[in-house]
Amino acid sequence: MVLKAFKLRIYPNQQQQDYLARAFGHTRWVWNQMLMMLLARRENLPKQWYLNNFALNYLLTRLKAETPWLREVDATMLINATRDLHDGFTRWFKHQNQMPKKKVRRWAQSATSNAVNGNIKILDDHHLQVPRMGVVYFRAGRLPAGKVKQLTLRQNAAGQYYVAVLCECENQTLPKTGKVVGGDLGLKALLNLSDGQIEPLFRYDKRLSKQLHEWEKKMARRRIGAKKAIARDKHEHPGNVRTLADFANYQKARRKVAAIKAHIANQRADQLQKYTTWLVRAYDLIVLEDLNVKGLLKNHKLARAISNASWGKLVTMIQYKCAWYGKQLILVPPAYTSQECAVCHARNHRLGLSKGQWLKVREWDCPNCGAHLDRDVNAAQNILSKGLKQSA
Ligand SMILES: [Zn+2]
């Protein structure tokens, strides 16, 4: 059995939207209450202030007894908020992140429900049964046949609703094709394969950049206007000060910006999903470079193109899809893959060019054996042979 997550856009009715607003608010409230309690304990009992997850859940039961309105949302959402807090502290103890902070209301929010006795069901291609919400409509999506374990309901900054469905599915291995491939992660292409196939990199961000820029400008301008009006309010009628939520034009621009950004991210994720599925179907063994994406992102010129290419995501997707479908991914160290001839394995020392000039060379002839080489395909072939050596 394997766990698979699927993201769907959902269209809750007004009543369901009201429920979700309460659910997000209540889970945030529980997080904050538990956090404040723990911080108070830390002050008062410095030696033994922390409580384990079991003790936190016991306190949650007490909290619910005192505040009956918490019962209007799915109980597992509150348990998950406590568990997230516990995870946050556990990571902090291991120095993996900062100490959990108080949550303030943001435009984007989420809550997670666990399935209890099969109370979360996929009813058909367009309907999902959600605890306390009833039947929720979704437009489209490829849903697996499996038992639903968990749902994360989410509202993004554009006001759109999504759900991530976590399913337990039969482990389906894909038929073996006997084919192996090396891939060079690119900036102009998403992936250059050693057999010459290239997946173009769609610049979704560029296609929508003008529109995004226009709305970002409007948003900034309207925000300044609203802030000024709020400052005037404080002066003129302090009892009746508006908040940013009261400025409809600013809110419209803010949602529009968020919607364009979500659109770009969705298009990109869709390309990655389709491409990685094709890749693990077509090949039994895939070799990629082990790139330190974080390190590369520090280089600002490359940063935008790299984050658009979503290298990290691409590698992660191939990794888990290989695990799902019984295929293999090998990551190899990235040194010299572009400077070596894949035919005779001589290094070309950048043909004596500077780093900048060498980056622009798309095709070259090997000075040692004379082979005419395409830069990207040659690199992918080197990556493949490194991987085959590593797996042998
Ligand atoms: Zn050569």
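Residues numbered from 1 in each chain as written. Predicted model: local features only at pLDDT ≥ 70, side-chain atom pairs only at ≥ 80, totals over all residues. Heavy atoms only, no water.

1. Examining the overall build of the chain
Item 1. When helices and strands are counted, the chain shows eleven helices and 14 strands.
Item 2. Along the three orthogonal principal directions, the C-alpha set of the chain runs to about 80 × 55 × 50 Å.
Item 3. Counting only residues that meet the buried cut, the chain has 41% of its 392 residues in that class.
Item 4. Residue pairs at least 24 apart in sequence account for 68% of intrachain contacts in the chain once pairs closer than 6 positions are excluded.
Item 5. Accessible surface, the chain: about 22300 Å² in total, of which carbon and sulfur atoms supply 53%. (Helix = DSSP H or I, 4+ residues; strand = E, 2+ residues; numbered from the N terminus. Buried < 20%, exposed > 50% of the residue type's maximum accessible area, 1.4 Å probe, protein only. Contact = heavy atoms within 4.5 Å. Areas by Shrake-Rupley, 256 points an atom, 1.4 Å probe, with all protein chains shown as cover.)

2. Observations regarding the state of the cysteines
The term disulfide refers to a covalent linkage connecting the sulfur atoms of a pair of cysteines.
Item 1. Using the criterion set out here, one finds zero disulfides in the structure.
Item 2. The cysteine Cys169 is free of any disulfide, with Cys167 supplying the nearest cysteine sulfur at 5.1 Å.
Item 3. Judged by relative accessible area, Cys169 falls into the buried class, the value being 4%. (Disulfide = S-S within 2.5 Å.)

3. Regarding the pattern of salt bridges
Oppositely charged side chains can form a pair if their charged atoms are brought close together.
Item 1. One pass over the structure, following the stated rule, counts eight salt bridges.
Item 2. We note a salt bridge from Asp84 to Arg83, for which the minimum N-O separation is 2.9 Å.
Item 3. Among the residues examined, Arg83 registers a relative accessible area of 27% and is labelled partly exposed.
Item 4. Among the salt bridges present, the one from Arg242 reaches Asp233, with a minimum N-O distance of 2.9 Å.
Item 5. Classification of Arg242 by relative accessible area gives partly exposed; the value is 36%.
Item 6. Residue class for Asp233 comes out buried when judged on its relative accessible area of 3%. (Salt bridge = Lys/Arg side-chain N within 4 Å of Asp/Glu carboxyl O.)

4. Some words on the coordination of the zinc ion
Item 1. Each protein donor to the zinc ion is listed here as Cys341 (SG), Cys344 (SG), Cys366 (SG) and Cys369 (SG); together their distances run 2.3 Å.
Item 2. Every donor counted, the four donor atoms about the zinc ion form angles of 106 to 111° at the centre, which fits tetrahedral coordination.
Item 3. Here the donor residues for the zinc ion map to a single chain with the spacing C-x2-C-x21-C-x2-C.
Item 4. What makes Cys341 buried here is its relative accessible area of 0%.
Item 5. Look at Cys344 and you get partly exposed, because its relative accessible area is 27%. (Donors = N, O, S within 2.8 Å, 3.2 Å for Na, K, Ca; no water. Tetrahedral: all angles 85-135°; square planar, octahedral: opposite > 155°, others 65-115°.)

5. Topic: the nonpolar core
Item 1. By size, the foremost hydrophobic cluster in this structure holds 38 residues, and its most contacted members are Leu151, Leu153 and Val163.
Item 2. Of all the secondary-structure elements, those providing two or more residues to this core are strand 1 (2–10), helix 1 (14–44), helix 2 (53–66), helix 3 (75–93), strand 4 (127–130), strand 6 (147–155) and strand 7 (161–169). (Core = buried A, V, L, I, M, F, W, Y, C linked by side-chain atoms within 4.5 Å.)

6. Some details on the UniProt feature "domain: Cas12f1-like TNB" (unreviewed entry) in the chain
Item 1. With numbering aligned to this structure, UniProt lists the feature "domain: Cas12f1-like TNB" (unreviewed entry) at residues 311–383.
Item 2. For the annotated span residues 311–383, helix accounts for 41% and strand for 15% of the residues, and the straight-line distance between the end C-alpha atoms is 16 Å. (UniProt positions renumbered as here; feature names shortened; annotations may be inferred.)

7. Considering the pairing of strand 8 (residues 180–185)
Item 1. Most of strand 8 is tucked away, with five of its six residues classed as buried.
Item 2. In terms of strand pairing, strand 8 meets strand 11 (residues 285–289) through four bridges, oriented parallel. By the bridge assignment for strand 11, Val181 is matched with Ile286.
Item 3. Inspection of the sheet shows strand 8 paired to strand 9 (residues 189–193) by three bridges, in the antiparallel sense. Looking at strand 9, one finds that Leu185 is bridged to Leu191.
Item 4. Connecting strand 8 to the next strand, strand 9, in antiparallel fashion are three residues. (Pairing = 2+ DSSP bridges.)

8. Considering unusual backbone geometry
Item 1. One non-glycine residue, His349, adopts positive backbone phi at about 50°.
Item 2. Mapping His349 onto the fold places it in the loop between strand 12 (328–332) and helix 10 (355–360).
Item 3. Of note in this structure, Arg350 is not a glycine but carries a positive phi near 55°.
Item 4. Examined against the element boundaries, Arg350 turns out to sit in the loop between strand 12 and helix 10.
Item 5. Of the residues examined, Arg350 reaches a relative accessible area of 26% and is grouped as partly exposed.

9. Here we look at the sheet that holds strand 1
Item 1. Spatial strand order, 1-7-6-2: four strands in an open sheet with antiparallel pairing. Only two strands of the sheet have a single partner each, and these edge strands are strand 1 and strand 2 (109–114). Mean inter-strand twist for the sheet, computed between neighbouring axes without regard to direction, equals 20°. (Axes fitted to C-alpha atoms, helices over the stretch in contact; angles between N-to-C directions.)

10. Here's the deal with the packing of aromatic side chains
Item 1. One pass over the structure, following the stated rule, counts 15 aromatic pairs.
Item 2. The interplanar angle of 65° and the centroid separation of 6.0 Å between the aromatic rings of Trp49 and Phe93 together place this pair among those described as edge-to-face. Of the two residues, Trp49 sits in the loop between helix 1 and helix 2 while Phe93 sits in helix 3, which places them 44 residues apart along the sequence.
Item 3. Its relative accessible area of 38% is what places Phe93 among the partly exposed residues.
Item 4. Measuring from ring centre to ring centre gives 6.1 Å for Phe89 and Trp92, while their planes differ by 70°; the resulting arrangement is edge-to-face. With Phe89 and Trp92 both in helix 3 and three residues apart, this pair spans about one turn of that helix.
Item 5. Given the relative accessible area of 0%, Phe89 is considered buried.
Item 6. Members of the aromatic cluster, connected to one another through ring pairs, are Trp49, Tyr50, Phe89, Trp92 and Phe93.
Item 7. The positively charged end of Lys4 is found above the aromatic ring belonging to Trp324, 4.4 Å away from the centroid.
Item 8. The ring of Trp107 is capped by Arg254, whose NZ or CZ atom sits 3.7 Å from the centre of that ring. (Phe/Tyr/Trp six-rings, centres within 6.5 Å; stacked < 30°, edge-to-face > 60°. Lys NZ or Arg CZ within 6 Å of the ring centre and 35° of its normal.)

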